[in-house]
Amino acid sequence: MKKYLMMILSVGITVTAVAQVKVPAAAKAAFEKAYPGAAKVKWSKEGVADTEVSFVHNGKHQSAVYNQAGILQETEETIAVSALPAGVTAYVKEHYKGARIAEAAKITKAGGEVNYEAEVNRKDVLFDTNGKFLKEVVEH
């Protein structure tokens, strides 16, 4: 029994170690400088080479994506569904009949471009700053 328990613990520790993300020092330093006092900080992999950090700052749920050199790629801030452009809610009403928007976010790219995201039926539906449909992304 003891041997079996040790094997389970060993596997659990290995799985935990694999799940952790190696955060580039430059990305961590850039984040800490931009968001001092951030709480509930959680790092994850974003795409092939970028790193995403989810956190709460000034009472708002946010995330930021940094490349390996610590250069900010985009930020995402949770917003009220009512804060989405009218075109977003009209599109969802027409193309996802009967579905509701579970979450909404404002995405700001490094160059200043703003997009909006509406989570509908467990899919992220992306729109431009005017509420024009861009694409649908299914998260895994």
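Please refer to the structure higher up on the page.
Residues numbered from 1 in each chain as written. Predicted model: local features only at pLDDT ≥ 70, side-chain atom pairs only at ≥ 80, totals over all residues. Heavy atoms only, no water.

A. Here's a closer look at the sheet that holds strand β8 (residues 133-137). Overall, antiparallel pairing links the 8 strands, which are arranged β1-β2-β3-β4-β5-β6-β7-β8 in an open sheet. Whereas interior strands pair on both sides, the edge strands pair on one side only; in this sheet they are β1 (39-46) and β8. With direction set aside, neighbouring strand axes in the sheet form an average angle of 20 degrees. Judged from the 6 bridges that link them, β1 and strand β2 (residues 50-57) form a sheet pairing that is antiparallel. Its bridge partner lying in β2, Glu46 is registered against Asp50. Each of β5 (101-109), β6 (114-120), β7 (123-128) and β8 touches helix α3 (residues 86-95); the most contacted strand, β7, lies at about 135 degrees to it. (Pairing = 2+ DSSP bridges. Helix = DSSP H or I, 4+ residues; strand = E, 2+ residues; numbered from the N terminus. Axes fitted to C-alpha atoms, helices over the stretch in contact; angles between N-to-C directions. Contact = heavy atoms within 4.5 Å.)

B. Quick look at the nonpolar core. In terms of nonpolar packing, the biggest core is built from 14 residues, with Leu84, Ala118, Val120 and Phe127 touching the most fellow members. For this core, the secondary-structure elements that each account for two or more residues are α3, β5, β6 and β7. The element contributing the most residues to this core is β6, with 4 residues. (Core = buried A, V, L, I, M, F, W, Y, C linked by side-chain atoms within 4.5 Å. Buried < 20%, exposed > 50% of the residue type's maximum accessible area, 1.4 Å probe, protein only.)

C. Quick peek at the packing of aromatic side chains. The full count for this structure, using the stated rule, is 8 aromatic pairs. A ring pair is formed by Phe127 and Phe133, whose centres lie 6.1 Å apart and whose planes are at 75 degrees; its orientation type is edge-to-face. Grouping aromatic residues by their ring pairs yields a cluster made of Phe31, Tyr35, Trp43 and Phe55. (Phe/Tyr/Trp six-rings, centres within 6.5 Å; stacked < 30°, edge-to-face > 60°.)

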